[in-house]
Amino acid sequence: MIRNMAVLLAVIGLVAMFLPMVTDFQERENLNELAADYVEGSINDLNTPNVVTSVIVTYRGLDTLGEVTVLFLATVGVGLLLKGRKEDMIRISSSELLGTTSSVLVAMIMILGIYIFTHGHLTPGGGFQGGVVIASGFLLMLLSNVNVKMNHSIMHFVESFSGVAYVGIGVAGLVLAIGFLNPGILPLGRFGELFSAGAIPVIYSLIGLKVGSELTSILVTMGGEK
Amino acid sequence: MISSYTLILGIALLIIGFYAMLTRKNLIKMVIGFSIADTGTHIIIVSLGYLRGKTAPIIDQAVSAVNAVQKVVDPIPSALVLTAIVIGLAVTAVMLSFIVEMYRKNKSLSIDDYQELKW
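## Details of the interface of chain A and chain B
For an interface, size is often stated in terms of accessible area lost upon the parts coming together.
1) Next: Across the boundary between the two partners, chain A contributes 49 residues, which contact 49 residues of chain B.
2) Next: Remark: the boundary between chain A and chain B carries zero salt bridges.
3) Next: Between the two partners, chain A and chain B, sit three residue pairs in polar contact (both at pLDDT 80 or more).
4) Next: For the side of chain A that touches chain B, the secondary structure elements donating two or more residues are α1 (2-23), α2 (33-44), α3 (51-59), α4 (61-81), α6 (127-144) and α8 (200-222) of chain A.
5) Next: Among the elements that line the side of chain A that touches chain B, the one with the most residues is α1(A), at nine residues.
6) Next: Residues of the side of chain A that touches chain B, tallied by class, amount to 35 nonpolar, six polar and eight charged.

## Concerning the environment of A:Ser94
Residues and elements named next belong to chain A.
1) Next: Within the secondary structure, serine 94 is located in the loop between α4 and α5 (96-118).
2) Next: For the pair serine 94 and serine 144, spaced 50 residues apart in the sequence, the C-alpha separation amounts to 6.3 Å.
3) Next: If sequence neighbours within four positions are ignored, serine 94 has contacts with Gly99, Ser144 and Asn145.

## Things to note about helix α4 (residues 75-106) of chain B
Residue and element names in this part refer to chain B.
1) Next: The first and last C-alpha atoms of α4 sit 47 Å apart over 32 residues, in line with the 46 Å expected at 1.5 Å per residue.
2) Next: Taking the backbone nitrogen of isoleucine 76 as reference, a side-chain oxygen 3.2 Å away marks aspartate 74 as the first, capping residue of α4.
3) Next: Downstream of α4 by a residue or two, lysine 107 has a phi angle that is positive, lying close to 55°.

Parameters and conventions
- Residues numbered from 1 in each chain as written.
- Chains lettered and ligands numbered in written order.
- Predicted model: local features only at pLDDT ≥ 70, side-chain atom pairs only at ≥ 80, totals over all residues.
- Heavy atoms only, no water.
- Contact = heavy atoms within 4.5 Å.
- Salt bridge = Lys/Arg side-chain N within 4 Å of Asp/Glu carboxyl O.
- Polar contact = N/O pair within 3.5 Å; in protein donor to acceptor, adjacent residues only side chain to side chain.
- Helix = DSSP H or I, 4+ residues; strand = E, 2+ residues; numbered from the N terminus.
- Nonpolar A, V, L, I, M, F, W, Y, C, P; charged D, E, K, R; others polar.
- Expected span 1.5 Å × (residues − 1).

This is the structure:
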């Protein structure tokens, strides 16, 4: 009873907290100063059509580095918690049809993921989205083919390589350009082309590889595979 | 107009998620509640960044580079939500691993069977 009352009070408190937000809410008409600056800077200084990408990779680059670190820590945490887990799972080998179809589909999903993270500065998408798409390809592989063997050393190599290269590019920006993670270390190129916007596509591709390999290793660990 | 509806939707999801976290006894249902609340906050943040009648902050045929500032929505909330989605995913994965480990030790998913931290 007391418990229910406490829950009710908490919910009413939350509603009361958010009520002013709804009643006072007014749609804004114009960008604020910071956002307008980011939009203009993204077009004029960084040659990046996708403004969200330039905010994530350049203006808030340090946040993204921290975010990748959090994802890495989560991977380590999952691995540590579920280490050496051996469940008595009933594994039924997949049919010919399922195995063949999924291996065709996995290749296409990988290509889509790579496309998404290399074109992160031009189209909607980027390293995180592309990495998740790649991990979903591995998930399909794990679910449809029980005999699949992951090469863990390659996966760990890709993960550590992309992390180290990401920090390396950041330090290179400190030395060669105006600051940490500044994309000016590579030529800016022509607006709207694949090889443009300085180091932004390189950084986003490294993030994509890192996110993809980390999420895949989370999936492999959760799948209970040794 | 549309962003006030999505704002209300986001707040509703947030409250539903918190209610689920407070009342459910099953650990996995609590994680589902967390996930719903997480989605609610993302919708709230994106709604706050919406500007009336404007489009996604990507320069292409629809948005020319010359007057882009007048035509796009706020890119910062979108970037923040992208970060928040990934962090939410990582936190959910860690929580679920904890639950797997707890189930392996005590063979129970009910929060009533875990009294160690109760006061």
